[in-house]
Amino acid sequence: CAGNEVADLNTEPSNTIAHVLNELQGITNTPAKFIQLFHKGKILSYNKTFEDEGLPQDCAINLVKISPTGDDLQLLSIESDDPCHAQYLLDCKADPNRADESTAFATDITVLEFAVLNGFDKVAELILLDERLNKDN
């Protein structure tokens, strides 16, 4: 949605950029870790407040969605039962059939097994619904 207005948020000068990213996560269906905010070309720091960044009230903030790559594109990178994160990775072509081969403690468990073993029920449901699951296996 390049160039489209995503949201009109009212924020306090004491709100952190991270707080706004969490709000935007729900609006954009993009995990906060894959969103970068800019004001007049300057990257806004997650741990700073709007006041710290010197942002005027009623200013426009640009949002850029970051495409995951490498280890971030693996469903095995999910650390909680976060369906937003899982769906975003699936939409970015994460492989639902991938086994854990990349870590020192690789056990050849599938992504689905990983989700179930960690109690990530919502993530497991999304993986089961993915049409690519076991398509070539």
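So, here's what we can say about the structure. Everything numeric here is computed off the predicted structure, so don't read it as measured data.

Comments concerning the side chain of Asp130
Relative to the helices and strands, Asp130 resides in the segment after helix H4 (121-129). Judged by its relative accessible area of 14%, Asp130 is buried. A polar atom in the side chain of Asp130 sits 2.8 Å from the backbone nitrogen of Arg132. In this structure, Asp130 is in contact with Leu90 and Pro96, ignoring residues within four places of it in sequence.

Focus: the packing of helix H2 (residues 83-91) against H4
Where H2 contacts H4, the axes come no closer than 9 Å and their chain directions differ by 25 degrees. Between H2 and H4, the interaxial angle falls into the category roughly parallel. Helix-helix and strand crossings are classified by hand; for H2 and H4 the assignment is right-handed. Listed contacts from H4 to Pro83, Ala86, Gln87 and Leu90 of H2 are Lys122, Val123 and Leu126.

Focus: the packing of aromatic side chains
The tally for this structure, following the rule as stated, stands at two aromatic pairs. Residues Phe114 and Phe120 carry aromatic rings whose centres are separated by 6.1 Å and whose planes lie at 75 degrees to one another, so their mutual orientation is edge-to-face. Among the residues examined, Phe120 registers a relative accessible area of 10% and is labelled buried.

A look at the nonpolar core
Leu75, Ile78, Val123 and Ile127 are the most contacted members of the largest nonpolar core, which has 19 residues in total. Secondary-structure elements contributing two or more residues to this core are H2, helix H3 (111-117) and H4. Not counting chain neighbours up to four residues away, the residues in contact with Val123 comprise Ile78, Ser80, Asp81, Asp82, Pro83, Ala86 and Ala115. In terms of nonpolar packing, the next biggest core, distinct from the first, is built from 10 residues, Val20, Leu21, Leu24 and Ile35 among them.

Some details on H2
Within the sequence span of H2, burial applies to Cys84, His85, Ala86, Tyr88, Leu89 and Leu90. Structurally, H2 contributes buried residues whose contacts are with helix H1 (17-28), strand S3 (62-65) and H4. One side-chain oxygen at the N-terminal end of H2 lies 3.1 Å from the backbone nitrogen of Cys84; it belongs to Asp82. Two residues or fewer after H2 comes Lys93, characterised by a positive phi angle close to 75 degrees.

Rules used throughout
- Residues numbered from 1 in each chain as written.
- Predicted model: local features only at pLDDT ≥ 70, side-chain atom pairs only at ≥ 80, totals over all residues.
- Heavy atoms only, no water.
- Helix = DSSP H or I, 4+ residues; strand = E, 2+ residues; numbered from the N terminus.
- Buried < 20%, exposed > 50% of the residue type's maximum accessible area, 1.4 Å probe, protein only.
- Polar contact = N/O pair within 3.5 Å; in protein donor to acceptor, adjacent residues only side chain to side chain.
- Contact = heavy atoms within 4.5 Å.
- Axes fitted to C-alpha atoms, helices over the stretch in contact; angles between N-to-C directions.
- Parallel < 35°, antiparallel > 145°, perpendicular 65-115°, else oblique.
- Left-handed = near helix turned anticlockwise from the far one by under 90°.
- Phe/Tyr/Trp six-rings, centres within 6.5 Å; stacked < 30°, edge-to-face > 60°.
- Core = buried A, V, L, I, M, F, W, Y, C linked by side-chain atoms within 4.5 Å.

Treat this as a map of the structure, not an account of what it does.
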